[in-house]
Amino acid sequence: MSTVVRYGILGCGMMGQEHLRNLALIEGAQVVAIAEPDAHMKQQAALLAPGALMLDTLDELLQVQGLDALVVVTPNYQHAEQLLAILQRTDLAVLIEKPVITQLEQVAAVKQAADRHPAPLWVAMEYRYMPPITALRKHLEQGDVGEMQMLSVREHRFPFLEKVNDWNRFNRNTGGTLVEKCCHFFDLMRLLAADEVVRVYASAGQDNNHLDEAYRGERPDILDNAYVVVDFASGKRSMLELNMFAEGSRYQEEICAVGPKGKLECFVPGPGRFWPEATLGPAPVARVVLSPREPKGPIEAEIPVDPNILAAGDHNGSTYYQHLGFYRALTEGGKVDVTVDDGLKAVVIGLAAQHSAATGKAVTLTKGGLSFEY
């Protein structure tokens, strides 16, 4: 393949437009076709990718000649069916947004199709690529806290935003908040622990958000806060604390890893558009703090991000770095960082957490982490 990669984009809502802005920053990335059924979103996409062929459906997109890769950025409940159609009809490389599935019953078919596909398949897990999180990971790999034993992830953020046809207000469309929002964090837990999850327990509720909303006579059923405890095969453990009515927080994500030699913390600010400088002052800068046991005392470092990359999305620059990795996988034979197996396992942990929250019972994952028993 040449250094020019010709992309087709499926879905151009809010996240699809973020993908377009970031692809525009990568020399050699060329968006040539976009499929989006919503007229307003299609209009916005056309402004971001002038000259791209504008289409309505996946079927039309798959008939475009000369594509090298597809980026799938549609509503969650469409992902599995669309990915299976793409894998059945093409040999194209694919970057697909999380969650790759929303139902446990979809695991086997997606895994089998992915295992047969000859081109790179990459599941979009943007949080891996946030510069402060990559800095934290480097400290862990260097052994700066020893073998990590405990990991906590706190996300205090804004409520779910409005999406086309309000699809994200219902568990049946999203997989549930602990899938839709939190599969990122379960992926991070597996990555940082370098281990598989064996047990999940969750306590969660819908206590503040969307309580006075109704769509076609239905009230939203999505969770807005949760604690999730995750046990690994090695005995390592992790915890997620999620709150989706805390958008005034200075930092949106806080990650803490502890080992026998010390503690490592990572602080990630939320999107700049939710931090109005006129009232709150300058947006905070991401930082990482290493606190060794000997010699005692924290060592703090700011992790700045190029303003142009920050401005291209709402994920602290991660979408750009993710696309750069995908581009290099296609043009230089680089590795796929987030495989379909990774994406499936993250969703299964989220589905287990959803079930645990609903029943009050812990969920034990089967060996391999691709299904669960309860």
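Residues numbered from 1 in each chain as written. Predicted model: local features only at pLDDT ≥ 70, side-chain atom pairs only at ≥ 80, totals over all residues. Heavy atoms only, no water.

Side note on the overall build of the chain
Consideration 1: Across its full length, the chain carries 13 helices and 16 strands.
Consideration 2: Computed over the C-alpha atoms, the radius of gyration of the chain is 20 Å, within 12% of the 21 Å expected from 2.2 N^0.38 for a compact globule of 374 residues.
Consideration 3: Projected onto its principal axes, the C-alpha positions of the chain cover 60 × 45 × 45 Å.
Consideration 4: The long-range fraction of contacts in the chain, counting pairs at least 24 apart against all pairs at least 6 apart in sequence, stands at 70%. (Helix = DSSP H or I, 4+ residues; strand = E, 2+ residues; numbered from the N terminus. Rg over C-alpha atoms; globule rule 2.2 N^0.38 Å. Contact = heavy atoms within 4.5 Å.)

Thoughts on helix H5 (residues 107–116)
Consideration 1: Burial in H5 covers these residues: Val107, Val110, Ala113 and Ala114. Each buried residue of H5 sits inside an arc of 150° when the element is viewed along its axis, so together they form one side. For H5, the exposed residues lying more than 90 degrees away from the buried face are Asp115 and Arg116.
Consideration 2: Buried positions along H5 lie against helix H4 (79–89), strand E6 (121–124) and helix H13 (340–359). (Buried < 20%, exposed > 50% of the residue type's maximum accessible area, 1.4 Å probe, protein only. Arc of directions from axis to C-beta.)

Some points on the pairing of strand E2 (residues 29–35)
Consideration 1: Burial analysis of E2 places 6 of its 7 residues in the buried class, the great majority of the element.
Consideration 2: Here 6 bridges tie strand E1 (residues 5–10) to E2, and the two strands are oriented parallel to one another. For Val5, the partnering residue across the bridge sits in E2 and is Ala29.
Consideration 3: In this fold, the crossover linking E1 to E2 by way of helix H1 (residues 14–23) has right-handed handedness. (Pairing = 2+ DSSP bridges. Right-handed = clockwise from strand over helix to strand, strands pointing away.)

Considerations on the packing of aromatic side chains
Given two aromatic rings, one states the distance between the centres and the angle between the planes to describe the pair.
Consideration 1: Summed over all chains, the structure comprises 8 aromatic pairs.
Consideration 2: The lysine or arginine in question, Arg287, covers the ring of Phe267, its NZ or CZ lying 4.3 Å from the ring centre. (Phe/Tyr/Trp six-rings, centres within 6.5 Å; stacked < 30°, edge-to-face > 60°. Lys NZ or Arg CZ within 6 Å of the ring centre and 35° of its normal.)

Quick look at the nonpolar core
Consideration 1: Formed by 68 residues in total, the largest nonpolar core has its most connected members in Tyr7, Ile9, Val31 and Ile34.
Consideration 2: Residues contacting Ile9, with those up to four places away along its chain left out, are Leu20, Leu23, Val31, Ala33, Ile34, Ala35, Leu61, Val71 and Val73.
Consideration 3: Within the second largest apolar cluster, 46 residues are counted, among which are Tyr127, Ala226, Val228 and Leu242. (Core = buried A, V, L, I, M, F, W, Y, C linked by side-chain atoms within 4.5 Å.)

Description of the packing of H1 against helix H12 (residues 318–331)
Consideration 1: Running from amino to carboxyl end, H1 crosses H12 at an angle of 65°, the nearest separation of the two axes being 9 Å. Every pair of crossing elements has a handedness; the one defined by H1 and H12 is right-handed. Residue-level contacts link Met15, Glu18, His19, Asn22 and Leu23 of H1 to Thr319, Tyr320, Gln322 and His323 of H12. (Axes fitted to C-alpha atoms, helices over the stretch in contact; angles between N-to-C directions. Left-handed = near helix turned anticlockwise from the far one by under 90°.)

Focus: helix H2 (residues 39–48)
Three- or four-residue spacings in an α-helix give side chains the same orientation, since the helix completes a turn every 3.6 residues.
Consideration 1: Along H2, the residues that are buried comprise Met41, Lys42 and Ala45. Down the axis of H2, the buried set is contained in an arc of 100°. They therefore lie on one face. Facing away from the buried side of H2 by more than 90 degrees, the exposed set consists of Ala39 and Leu47.
Consideration 2: Sitting at the amino-terminal end of H2 is Asp38, which places a side-chain oxygen 3.2 Å from the backbone nitrogen of His40. (Polar contact = N/O pair within 3.5 Å; in protein donor to acceptor, adjacent residues only side chain to side chain.)

With respect to the sheet that holds E2
Consideration 1: The strand order across the open sheet formed by 6 strands is E3-E2-E1-E4-E5-E6, and the pairing between neighbours is parallel. Among the strands making up the open sheet, the edge pair consists of strand E3 (53–55) and E6. Strand-to-strand twist of the sheet, defined as the mean angle between neighbouring strand axes without regard to direction, takes the value 20°.

Thoughts on the side chain of Gln106
Consideration 1: For Gln106, the position within the fold is in the loop between strand E5 (93–97) and H5.
Consideration 2: If near-sequence neighbours (up to four positions away) are discounted, Gln106 is found in contact with Ala80 and Ile101.

Overview of the pattern of salt bridges
Consideration 1: Summed over the entire model, instances satisfying the criterion amount to 21 salt bridges.
Consideration 2: Lys98 is paired through a salt bridge with Glu180; the nearest N and O atoms lie 3.5 Å apart. Of the two residues, Lys98 is situated in the loop between E5 and H5 and Glu180 in helix H8 (residues 177–180); the sequence distance between them amounts to 82 residues.
Consideration 3: Given a relative accessible area of 11%, Lys98 falls into the buried group. (Salt bridge = Lys/Arg side-chain N within 4 Å of Asp/Glu carboxyl O.)

Quick word on the state of the cysteines
A covalent bond bridging the sulfur atoms of two cysteines is what the word disulfide describes.
Consideration 1: Applying the stated rule across the entire model yields 0 disulfides.
Consideration 2: Cys256 forms no disulfide, and the closest cysteine sulfur to it belongs to Cys266, at a distance of 10 Å. (Disulfide = S-S within 2.5 Å.)

Looking at the environment of Gly28
Consideration 1: You can see Gly28 is positioned in the loop between H1 and E2.
Consideration 2: Between the C-alpha atoms of Gly28 and Tyr327, which are 299 residues apart in sequence, the distance is 8.6 Å.
Consideration 3: Not counting chain neighbours up to four residues away, the residues in contact with Gly28 comprise Thr3, Val4, Val5 and Tyr327.

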